[in-house]
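Listed below are the residues making up each chain.
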Amino acid sequence: VYIGRARIAIKRGEPGKALEFLEKLKQQTPYSRKCADADLLIAGIFSPSGEPDKALDVLAGLLADKTIASGLKAEALFRSAEIFSEKGDKLKATAYFERVYVAYGKFSEMVAKSYLRRVELLEELGRVPEAIEVYRALLQREDLAGLPEHAEVRRHLAKFEEDEDA
């Protein structure tokens, strides 16, 4: 109930009210799986509202909790990477994206997005040889072949290979 109310408050542009609902949930059901869902929502409130460090603290708590489901941990890593990227710590963000696809390979869509985001950041950092290596690694993953990111990576890699030949 509280998660639903929090989502409605977020949609209405009432992050303070959403936080109240989420804190109530965490107080009333501290051992529930819903607490992890609440923490993801809380991090999602803090980050765009100019409090990325608070969001990272919440996500770090999820990552440190051994009882959290692996899908939620993968999402916490991905969101942490995005926040580090937004804060300008692109190298750290690449490490977090890499952790997603190394540790949580069964979550195909998130893995593909993590590969793609990592190569984008590596390119921005001028680390083109590393980016090409990551492109090739993604293309070797047959389980990702049907995803849009796979096709996008093929196009990017072809562009790089054309540039090398020129």
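Residues numbered from 1 in each chain as written. Predicted model: local features only at pLDDT ≥ 70, side-chain atom pairs only at ≥ 80, totals over all residues. Heavy atoms only, no water.

Draft legend 1. Looking closely at helix 1 (residues 2-11). All buried positions along helix 1 are accounted for by Tyr2, Ile3, Ala6 and Ala9. Down the axis of helix 1, the buried set is contained in an arc of 120°. They therefore lie on one face. Summarising the contacts, the buried residues of helix 1 are in contact with helix 2 (15-28) and helix 3 (34-46). Phi turns positive one or two residues past the end of helix 1, at Gly13, with a value near 75°. (Buried < 20%, exposed > 50% of the residue type's maximum accessible area, 1.4 Å probe, protein only. Helix = DSSP H or I, 4+ residues; strand = E, 2+ residues; numbered from the N terminus. Arc of directions from axis to C-beta. Contact = heavy atoms within 4.5 Å.)

Draft legend 2. Structural context of the layout of surface pockets. Within this model, the largest pocket holds a volume of roughly 220 Å³. Forming the boundary of the largest pocket are 14 residues, of which Ser32, Cys35, Asp65, Thr67 and Ile68 lie nearest the centre. If you list the elements that add at least two residues to the lining of the largest pocket, you get helix 3 and helix 4 (52-64). If one sorts the elements of the lining of the largest pocket by residue count, helix 3 sits on top with three residues. (1 Å grid on protein atoms, 1.4 Å probe; cavity = no way out; pocket = protein on both sides within 12 Å on 5 of 7 lines; lining within 4 Å. Points joined across faces, edges and corners; volume = space filled by probe spheres on them.)

Draft legend 3. Local environment of the packing of aromatic side chains. Counted by the stated rule, this structure contains four aromatic pairs. The interplanar angle of 10° and the centroid separation of 3.7 Å between the aromatic rings of Tyr101 and Tyr115 together place this pair among those described as stacked. In this pair, Tyr101 is assigned in helix 6 (residues 90-103) and Tyr115 in helix 7 (residues 108-124), connecting sequence segments 14 residues apart. Over the ring of Tyr96 we find Arg99; its NZ or CZ atom is 5.1 Å from the centre of that ring. (Phe/Tyr/Trp six-rings, centres within 6.5 Å; stacked < 30°, edge-to-face > 60°. Lys NZ or Arg CZ within 6 Å of the ring centre and 35° of its normal.)

Draft legend 4. Structural context of the environment of Glu51. By secondary structure assignment, the location of Glu51 is in the loop between helix 3 and helix 4. By relative accessible area, which is 29% here, Glu51 ends up partly exposed. A C-alpha to C-alpha distance of 22 Å links Glu51 and Ala95, two positions 44 residues apart in sequence. Of note is the side chain of Glu51, whose polar atom sits 2.9 Å from the side chain of Lys54. (Polar contact = N/O pair within 3.5 Å; in protein donor to acceptor, adjacent residues only side chain to side chain.)

Draft legend 5. Up close: the nonpolar core. The biggest cluster of nonpolar side chains holds 37 residues, and the ones touching the most others in it are Leu22, Leu59 and Leu62. For Leu62, the contacting residues outside a window of four places in its chain are Ala36, Asp39, Leu40, Ile68, Lys73 and Ala76. (Core = buried A, V, L, I, M, F, W, Y, C linked by side-chain atoms within 4.5 Å.)

Draft legend 6. Up close: the side chain of Arg117. In this fold, Arg117 is placed in helix 7. Here Ser85 takes part through its side chain, which lies 3.4 Å from a polar atom of the side chain of Arg117. If near-sequence neighbours (up to four positions away) are discounted, Arg117 is found in contact with Phe78, Glu82, Ser85 and Phe97.

Draft legend 7. Geometry of the pattern of salt bridges. Under the criterion given, the structure shown has eleven salt bridges. Glu51 is the partner of Lys54 in a salt bridge, and the nearest nitrogen-oxygen pair spans 2.9 Å. According to the relative accessible area criterion, Lys54 is partly exposed, its value standing at 43%. The residue Lys90 makes a salt bridge to Glu124 at a minimum N-O spacing of 2.4 Å. Within this pair, whereas Lys90 is found in helix 6, its partner Glu124 is found in helix 7, the two being separated by 34 residues in sequence. Take Lys90: its relative accessible area is 25%, and that puts it in the partly exposed class. (Salt bridge = Lys/Arg side-chain N within 4 Å of Asp/Glu carboxyl O.)

Draft legend 8. Just helix 8 (residues 128-140), in detail. Its 13 residues place the ends of helix 8 18 Å apart at the C-alpha level, agreeing with the 18 Å of an ideal helix rising 1.5 Å per residue. What helix 8 keeps buried is the set Ala131, Ile132, Val134, Tyr135 and Leu138. The buried residues of helix 8 occupy one face: seen down the axis, they fall within an arc of 160°. Facing away from the buried side of helix 8 by over 90 degrees, the exposed positions are Pro129, Glu133 and Gln140. (Expected span 1.5 Å × (residues − 1).)

These figures capture arrangement, not role.
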